[in-house]
Each structure stands twice: as C-alpha cells, then as structure tokens.
Amino acid sequence: MSLVLTAFTQRGTALACRIASSMDGQVYTLPKFQREGTETYPSLSQWTGTHFAAGDDIIFVSAVGIAVRAVAPYLQDKYTDPAILAVDEAGRFVVPVLSGHIGGANRLARQVAQIIGGTAVISTATDVNERFAVDEWAAAQRLPITDRAAAKAISAALLAGEPVGFTSEFPHDPLPEGVTEGEGIPGFTVTCRTDDTFPAGTLVLHPKALAVGIGCKKKLPPERVGEAVSDLFCRRGLALESVFCLASIDIKREDAGIRRLAVRLGVPCRFYTAEELALVEGNFPGSAFVRSVTGVSSVCDRAACLASESGPLLVEKTACDGVTVAVARRDYFVRFEVGE
C-alpha cells in the first residue's frame, strides 16, 4: 500500500507535488502538466482502478465530483475500500471522500491539511460529536474488526451517550470518554483468547501478540504442521489471528509445513541457530535425541520465547503426531491515541 496523487491543472499538479514530497507519495497527471518527478497515465479510470485494487491511499487534487465519479465503479465495502481524499487546487479544503475511519481517510486529511495550511472537512458522526470511534481506533492499532454489527452498536451507544464496556488481558492507556472498565453491552475487549465467556454482542479484537514455536520430524506431510497448530489453538482457546510469527531452528528453514502455515496466517517465519536457542533462559523439558539432531535439547519452547522477546509461555511444549508446538506472548500495550 502506498500514497498516490493525481491532478488535472498546472496549479493542482504543483500542490500535489508539494503534498507528495512531504508524505512520500507519487504524483500522476496528464501529459501536458507533467513535471519532474511525476508520471502520466493514459486513462484516469484505469489508473484509479489499479490503485484502488492495490489498496493505495488516493488523493485527487480536484473537485470532489471528479473523485466521486472516478472511484464509483470500484466501490466495495467500508471495511476494505482505501482512503480517498479530494483537495481543491487552492489548498483550502481537504475532504475525506471515502473510508474516513477504517481506511484512515480522516487521519490522512488532517495530516494533509497541516502540511498545506488548509482545513480538513470531517463529517463522520463520531468526529463531529467528538466521540471515540472504535472502528477508526481499531484500524489505527491494526486490530481487525470481524464483527461489524458489534462495532456499529458501540458507535451508536457512544453517540447516544450510553456507556460502553471495555476489558483487556493487557495493560492499557486511560480509557476514552464514554468507555468504562468492565463488561458491558455493547462493549469491546482486546484479547488473544477465543473463549465464549464474553457477553453476546461483545466486539472481540485480537492483537498480534503470540509467537508460535514449532519443532517437527522430517518428511512429515506439509499439512500436519498447520493441523497441529490449529488443533492446539482450538483446545487452548487461543486465536490464530493473534499470531505474529512462527519460530523454529534454522535447520527447519526450508520445511514445507512451516512455510505453508506462515503463508496461510500471513505472518513471517523466524529461524534461530542452536547456539541462539541454547542461550534462552528457562526450565525447558529437553530430549537427548533432539539434542543429537539439532544441537539443542528443546526447540519449540525456546524458539517461541526468543521470538516473543522472552515473553511468558502460554502453552508449553505440546506434542502432536510428530509436531511439537509452544506458544509465547510478547509484551503488548493497548493505546487509545489514534495514530500511535
């Protein structure tokens, strides 16, 4: 994802370049307005569709109507559409056209307005009423919203002046106005767990806080690793959405099962040498056989702790059909300043 800008006049192109230089963006314009550092395109519609599909933030230095007509054929969903802004060529007003909260258009508009000395025209209800916006906050903190109805109910309650509950397994900043400690309906929680003890209608947000350490025998079917991890998470009530990396010893760097699971979860793999793993402090059950093969008596629990920067083990080494799995949780702090 990147920032792209387009303009349709000489003055607009100059303003687009000014914004781009401050925000690491790329300016595209018509051939007759091209200047150093800008690129051109043969079709505005095609250009818009390409960058929209890529999830790029798009700024039109133009009338709002041009921006609306350009993006209209590509609109999908407020939870997936990118941020779209329109800035008049005089730099007076910066208008978030699309995805003000989750896409970050409101936040981007404020940044652009500060750069050019203009006014961000924010019209979303929670903003104009100066209320906490859980969807904008969650997007800024990279906490995916999977329950849209719950998020909508929270916003409606805050706008109506009704209390919203909050719980977390992590330390956190002082709560925003209208949000109170403890369970409530509606309410939201930040947790790595998936148990069903939360009241119905609770918005459950899973932070990227879990490192999964993996050990496995040679020549296992690749799907076995993913099955073992999924089964363990299910039995322990942990959210796969909270995994931020997989970890193992370096001799497993090319293991197809670990690599396949990493792609499925969309997370990186971290591999450590036997010497690095041996330095991890802790009382880990070891195996003479594992030491003879890898050079260290235990792999998965040490790898999980090392990847989580010595976070606590939530799940100690657990064996399952030739795969050993351990889970450690890194430090995480819940912040309520949008943009942090």
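Nothing here was measured: the structure is a model prediction, and the numbers come from that model. (Residues numbered from 1 in each chain as written. Predicted model: local features only at pLDDT ≥ 70, side-chain atom pairs only at ≥ 80, totals over all residues. Heavy atoms only, no water.)

A.B. asks: Which residues make up the sheet that holds strand E11 (residues 203–205), and what values do they have?
C.D. replies: Strand order in this open sheet of 4 strands is E9-E8-E10-E11, and the pairing throughout is parallel. Each edge of the open sheet is held by one strand with a lone partner, namely strand E9 (179–181) and E11. Between one strand and the next, the sheet's axes are offset by a mean angle of 25°, whatever the strand orientation. (Pairing = 2+ DSSP bridges. Helix = DSSP H or I, 4+ residues; strand = E, 2+ residues; numbered from the N terminus. Axes fitted to C-alpha atoms, helices over the stretch in contact; angles between N-to-C directions.)

A.B. asks: Outline the packing of helix H1 (residues 10–23) against helix H4 (residues 105–116), listing residues and values.
C.D. replies: Contact geometry of H1 with H4 gives a least axis separation of 10 Å together with a crossing angle of 110°. Judged by the angle between their axes, H1 and H4 are roughly perpendicular. For the crossing formed where H1 meets H4, the hand is right-handed. Between H1, through Leu15, Arg18, Ile19, Ser22 and Met23, and H4, the contact on the second element is made entirely by Leu108, Gln111, Val112, Ile115 and Ile116. Residue classes in the contact of H1 with H4 are distributed as 7 nonpolar, 2 polar and 1 charged. (Parallel < 35°, antiparallel > 145°, perpendicular 65-115°, else oblique. Left-handed = near helix turned anticlockwise from the far one by under 90°. Contact = heavy atoms within 4.5 Å. Nonpolar A, V, L, I, M, F, W, Y, C, P; charged D, E, K, R; others polar.)

A.B. asks: Give a description of the pattern of salt bridges that names residues and reports values.
C.D. replies: Pairs may arise between side chains of opposite charge once their charged atoms sit close together. Scanning the entire structure with this criterion turns up 5 salt bridges. Among the salt bridges present, the one from Arg148 reaches Asp77, with a minimum N-O distance of 2.6 Å. One end of the pair, Arg148, is in helix H7 (residues 148–159); the other, Asp77, is in the loop between helix H3 (64–71) and strand E5 (84–87), and 71 residues separate them in sequence. Judged by relative accessible area, Arg148 falls into the partly exposed class, the value being 41%. Accessibility expressed as a relative area gives 23% for Asp77, which makes it partly exposed. Its salt-bridge partner being Arg110, residue Glu136 comes within 3.8 Å of it at the nearest N-O pair. With Glu136 in helix H6 (residues 134–140) and Arg110 in helix H4, the pair connects residues that are 26 residues apart, well separated along the chain. (Salt bridge = Lys/Arg side-chain N within 4 Å of Asp/Glu carboxyl O. Buried < 20%, exposed > 50% of the residue type's maximum accessible area, 1.4 Å probe, protein only.)

A.B. asks: Explain the environment of Ser62 to me, using residue names and the numbers behind them.
C.D. replies: Topologically, Ser62 is positioned in the loop between strand E4 (57–61) and H3. For the pair Ser62 and Asp88, spaced 26 residues apart in sequence, the C-alpha to C-alpha distance is 5.2 Å. Residues contacting Ser62, with those up to four places away along its chain left out, are Phe8, Ala67, Ala86, Val87 and Asp88.

A.B. asks: Help me get a handle on the layout of surface pockets, residues and values and all.
C.D. replies: The calculated volume of the largest pocket comes to roughly 750 Å³. Along the walls of the largest pocket sit 26 residues, with Met1, Ile102, Gly103, Arg107 and Ala139 positioned nearest its centre. Elements supplying a minimum of two residues to the lining of the largest pocket: H4 and H6. It is H6 that contributes the most residues to the lining of the largest pocket, 4 residues altogether. Split into classes, the residues belonging to the lining of the largest pocket amount to 14 nonpolar, 6 polar and 6 charged. (1 Å grid on protein atoms, 1.4 Å probe; cavity = no way out; pocket = protein on both sides within 12 Å on 5 of 7 lines; lining within 4 Å. Points joined across faces, edges and corners; volume = space filled by probe spheres on them.)

A.B. asks: How would you summarise the sheet that holds strand E13 (residues 243–249) if you had to cite specific residues and measurements?
C.D. replies: Pairing is mixed across the open sheet formed by 5 strands, whose spatial order is E14-E13-E12-E16-E15. Both outer strands of the open sheet, strand E14 (269–272) and strand E15 (313–320), are each paired with one neighbouring strand and no more. Each neighbouring strand pair of the sheet contributes to a mean axis angle of 20°, computed without reference to strand direction. Direction of pairing for E15 relative to strand E16 (residues 323–329): antiparallel, over a ladder of 5 bridges. Residue pairing in the sheet places Leu313 in a bridge with Ala328 of E16. Lying over the sheet, helix H8 (residues 223–236) contacts strand E12 (210–216), E13, E15 and E16, oriented at roughly 50° with respect to E16. Against the sheet, helix H9 (residues 256–265) makes contact with E12, E13 and E14, and its axis sits at roughly 170° relative to E13, the strand it touches most.

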